[in-house]
Amino acid sequence: MAHLLFRLRHVTDEEALEVRQLLDERGFDIYETQAGFFRLGVDAIWLRNPHQREAAEAALAEYQAERQVKARQAYDDAAARGEAPTLWRRLAAHPFQVLLVMVAVVMIILITLLPFIGLID
């Protein structure tokens, strides 16, 4: 029976391509499914041969550990250069969106508290 090996939902195209290449290079018998038009299925990579399960999962764990180290190094380098994304940089880059979000939050709070404020009078 097939085994779900790797979900592709919320995965970048780059990472999905690297995973496909890794599994193909190591000779794993895999196939891929798509979620379909109504998103009722699963975007995933499946392993056909159950005897390859442990080796495939070990290969993916190794790949993900390497990817995590690279991502952490890239973030640390950006932070050292002062280019890492921070809350204030994001706020400065999109002030109109931040203002709209703040207005929406205040409106939701007011609408939520209106019945209780009316009870006080």
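Structural data are supplied above this passage.
Residues numbered from 1 in each chain as written. Predicted model: local features only at pLDDT ≥ 70, side-chain atom pairs only at ≥ 80, totals over all residues. Heavy atoms only, no water.

Engineer: So what's going on with the environment of Glu 57? Residues and values would help.
Structural biologist: Along the chain, the position of Glu 57 falls in helix 2 (residues 53-81). Note on Glu 57: relative accessible area 34%, which makes it partly exposed. Those residues in contact with Glu 57 that lie beyond four places of it in its chain are His 3 and Leu 5. (Helix = DSSP H or I, 4+ residues; strand = E, 2+ residues; numbered from the N terminus. Buried < 20%, exposed > 50% of the residue type's maximum accessible area, 1.4 Å probe, protein only. Contact = heavy atoms within 4.5 Å.)

Engineer: Which residues make up helix 1 (residues 13-25), and what are the values?
Structural biologist: With 13 residues, helix 1 extends 18 Å from end C-alpha to end C-alpha; this agrees with the ideal 18 Å at 1.5 Å per step. When helix 1 is considered as a whole, its buried residues turn out to be Glu 15, Ala 16, Val 19, Leu 22 and Leu 23. Axial view of helix 1: buried residues confined to an arc of 125 degrees, hence all on one face. Structural note: helix 1 exposes Asp 13, Asp 24 and Glu 25 on the side pointing more than 90 degrees away from its buried face. Once helix 1 ends, the next one or two residues include Gly 27, with phi positive near 80 degrees. (Expected span 1.5 Å × (residues − 1). Arc of directions from axis to C-beta.)

Engineer: An account of the sheet that holds strand 2 (residues 30-33) is requested, with residue identities and associated values reported.
Structural biologist: Across the sheet, which stays open at both edges, the 3 strands sit in the order 1-3-2 with antiparallel pairing between neighbours. Single-partner strands in this sheet number two, and they are strand 1 (3-7) and strand 2. For this sheet, the mean inter-axis angle between neighbouring strands, taken without regard to orientation, is 30 degrees. In this sheet, strand 3 (residues 44-47) lies alongside strand 1 in antiparallel orientation, the contact comprising 4 bridges. The residue bridging His 3 from the neighbouring strand is Leu 47, located in strand 3. Its contacts with the sheet place helix 2 against strand 1 and strand 3, and it is angled at close to 10 degrees to strand 1. (Pairing = 2+ DSSP bridges. Axes fitted to C-alpha atoms, helices over the stretch in contact; angles between N-to-C directions.)

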